[in-house]
Amino acid sequence: MLIDLRSDTVTRPTEEMLKYMMQAPVGDDVLGEDPTVNALEQMAANLFGREAAIFCPSGTMTNQIAIKLHTQPGDEVICDRMAHIYNFEGGGIAFNSSCSVRLLNGDNGRFTAEQVREAINPDNIHHAPSKLIALENTCNKGGGAYYSFSDILAIKAVAHEGGIPMHLDGARLFNALEETCETPVEYGLAFDTISICLSKGLGAPVGSLLIGSMEHIKKARRYRKVMGGAMRQAGYLAAAGIYALENNIARLADDHRRAKAVGEAIGKLPCVKRVLPVDSNIIIFTLDSSVLDINFLKQLKSKGILASGFGPQTIRMVTHLDFTEAHLNQFLSTIRQL
Ligand SMILES: *Cc1c(COP(=O)(O)O)cnc(C)c1O
């Protein structure tokens, strides 16, 4: 059996999820008439204790809409140098919002209130106005590291002082919540807008949600249309999202436990120089010079294991819904024989 650890996006909908999708009542969501999309949006808003939410085709779109909501052309966005919004969204901050970016050198994707304070531009004509602080939790490029909530609140205090809104790229927020004791409502209070992905650890085939105030989400509906992301009978997809939120959050603990086991096994390989701390469902490691990354990936592939190249001599593996205990056992015995 093939072991696909390239991403937690590779999961396929289960039988039950598909059944749930197929029986969804649908309508034209561009007209606001899809009852299942409306139900999912309401569910997400309630979950985070906020007024509204909008269903979008991707997390890139929810993030990019959020950046657009909070900025004007020529403004500056503050985020970590590892941020998905900066590294993996096609240069969208420039393309969609014409903003400059201040990159912070955080700890595996997490920055501090002090770093934010230093990065906020003084209010004079030499500088781009600092208009958005964007956090990512968990941090993809940081090996799934998560923030402690007190650090987030400290950043929030600095943001508040400067009158600067906060956006959360919470593509894997539920993975962070699995490891900490906060509730989604606490996050809803801390951030102006939150993006969550349904198609990562939660196992839905498509979709993300942007959550925030009525005013922001109303504006977001126009931006989604401009970006070509308004869909028609999207209720079939939204149903998968409802199913995912109802059934697939509690099981993230399994992904984390299996990721730790994967990380431990990887760390024992002689060619592995360093494994980032495995804090959630992501394992990132670097190889020494004894083997080239592409050859290591080829060798894994020949043994039925798929992983992703993630920078020079760097490999990423991600555990997910379709990586079962049986897959883990096969993975461990294969790795021991490498
Ligand atoms: C996957 C991901 C996104 C959204 O990606 P899409 O592929 O556009 O859905 C955003 N942020 C992070 C941290 C991600 O891992």
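Scoring rules and cut-offs
- Residues numbered from 1 in each chain as written.
- Predicted model: local features only at pLDDT ≥ 70, side-chain atom pairs only at ≥ 80, totals over all residues.
- Heavy atoms only, no water.
- Salt bridge = Lys/Arg side-chain N within 4 Å of Asp/Glu carboxyl O.
- Helix = DSSP H or I, 4+ residues; strand = E, 2+ residues; numbered from the N terminus.
- Buried < 20%, exposed > 50% of the residue type's maximum accessible area, 1.4 Å probe, protein only.
- Axes fitted to C-alpha atoms, helices over the stretch in contact; angles between N-to-C directions.
- Left-handed = near helix turned anticlockwise from the far one by under 90°.
- Contact = heavy atoms within 4.5 Å.
- Nonpolar A, V, L, I, M, F, W, Y, C, P; charged D, E, K, R; others polar.
- Core = buried A, V, L, I, M, F, W, Y, C linked by side-chain atoms within 4.5 Å.
- Domains from an automatic or database assignment.
- Buried area = accessible area lost by both parts, 1.4 Å probe.
- Polar contact = N/O pair within 3.5 Å; in protein donor to acceptor, adjacent residues only side chain to side chain.
- Near = heavy atom within 4 Å.
- Areas by Shrake-Rupley, 256 points an atom, 1.4 Å probe, with all protein chains shown as cover.
- Phe/Tyr/Trp six-rings, centres within 6.5 Å; stacked < 30°, edge-to-face > 60°.
- Lys NZ or Arg CZ within 6 Å of the ring centre and 35° of its normal.

What about the pattern of salt bridges?
Counted by the stated rule, this structure contains 13 salt bridges. Where Arg-172 meets Asp-8, a salt bridge forms, and the shortest distance between an N and an O atom there is 2.7 Å. With a gap of 164 residues between them, Arg-172 in the loop between strand E6 (166-170) and helix H8 (173-179) and Asp-8 in the loop between strand E1 (3-4) and helix H1 (15-22) connect regions that are remote in the sequence. Asp-8 sits in the buried class, given a relative accessible area of 0%. Its salt-bridge partner being Arg-258, residue Glu-325 comes within 2.7 Å of it at the nearest N-O pair. Here Glu-325 is found in helix H14 (residues 325-336), whereas its partner Arg-258 is found in helix H12 (residues 252-267), with 67 residues between them in sequence.

Some details on the packing of helix H2 (residues 35-47) against helix H11 (residues 235-247)
The relative placement of two packed helices comes down to the angle between their axes together with the axis-to-axis distance. Where H2 meets H11, the axes come as close as 8 Å, and the angle between the chain directions of the two elements is 35°. Helix-helix and strand crossings are classified by hand; for H2 and H11 the assignment is left-handed. Across the interface between the two elements, Thr-36, Val-37, Ala-39, Leu-40, Met-43 and Leu-47 from H2 touch Gly-235, Ala-238, Ala-239, Gly-241, Ile-242, Leu-245 and Glu-246 from H11. Taken together, the residues of the contact of H2 with H11 break down into nine nonpolar, three polar and one charged.

Quick look at the nonpolar core
Most often, soluble globular proteins have nonpolar side chains that are buried together. Membership of the largest hydrophobic core comes to 50 residues, with the highest contact counts inside it found for Ile-133, Leu-135, Ile-155, Leu-173, Tyr-187, Phe-191 and Ile-196. When residues of this core are assigned to their parent elements, the largest contribution, seven residues, is made by H11. Counting 26 residues, the second largest nonpolar core, distinct from the first, contains Phe-285, Leu-287, Phe-296 and Leu-328.

Some words on the side chain of Asn-108
Examined against the element boundaries, Asn-108 turns out to sit in the loop between strand E4 (100-104) and helix H6 (113-119). Since its relative accessible area comes to 15%, Asn-108 is described here as buried. Look past the residues within four positions of Asn-108 in its chain and what remains in contact with it is Met-82, Cys-139, Gly-142, Ala-145, Leu-276 and Pro-277.

Some points on the domain arrangement of the chain
The domain boundaries assigned to the chain delineate domain 1 (3-9 + 251-336) and domain 2 (15-247). Computed over C-alpha atoms only, the centres of domain 1 and domain 2 are separated by 27 Å. Together domain 1 and domain 2 conceal approximately 1,500 Å² of surface at their shared face, both sides included; 51% is due to carbon and sulfur atoms. Considering only the surface of domain 1 that becomes buried against domain 2, Asp-8, Leu-252 and Asp-279 emerge as the three largest contributors, covering 32% of it. Linking domain 1 to domain 2 there are one salt bridge. Between the two partners, domain 1 and domain 2, sit five residue pairs in polar contact (both at pLDDT 80 or more). Among the elements of the structure, H12 and strand E10 (282-287) are those that each provide at least two residues to the side of domain 1 that touches domain 2. Its residues assigned to classes, the side of domain 1 that touches domain 2 comprises eight nonpolar, five polar and four charged.

What about unusual backbone geometry?
Residue Asn-137 is joined to Thr-138 through a cis peptide bond whose omega torsion reads -5°. Phi at Gln-313 is positive, roughly 55°, even though this residue is not glycine.

A closer look at the site of the ligand
Taken together, 13 residues lie around the ligand, and Gly-59, Thr-60, Asp-169, Arg-172 and Lys-200 are the ones closest in. Separating an oxygen atom of the ligand from a backbone N or O atom of Gly-59 is a distance of 2.8 Å. Contacts to the ligand include Asn-140, whose side-chain N or O atom sits 3.3 Å from an oxygen atom. In isolation the ligand exposes 390 Å². Once the protein is present, 83% of that is buried. No other element matches helix H3 (residues 59-70), which puts three residues into the shell around the ligand. Partitioning the shell around the ligand into residue classes produces two nonpolar, six polar and five charged.

Overview of the packing of aromatic side chains
For the structure on display, the rule yields eight aromatic pairs. Ring centres 5.9 Å apart and planes at 50° place the aromatic pair Tyr-20 and Tyr-243 in the tilted group. Taken together, the residues span a long stretch of sequence, with Tyr-20 in helix H1 and Tyr-243 in helix H11 at a distance of 223 residues. Its relative accessible area of 29% is what places Tyr-20 among the partly exposed residues. The rings of Phe-149, Tyr-187 and Phe-191 are connected pair by pair, giving a single aromatic cluster. For Lys-141, the ring lying beneath its charged end belongs to Phe-310, and the centroid distance is 5.9 Å.

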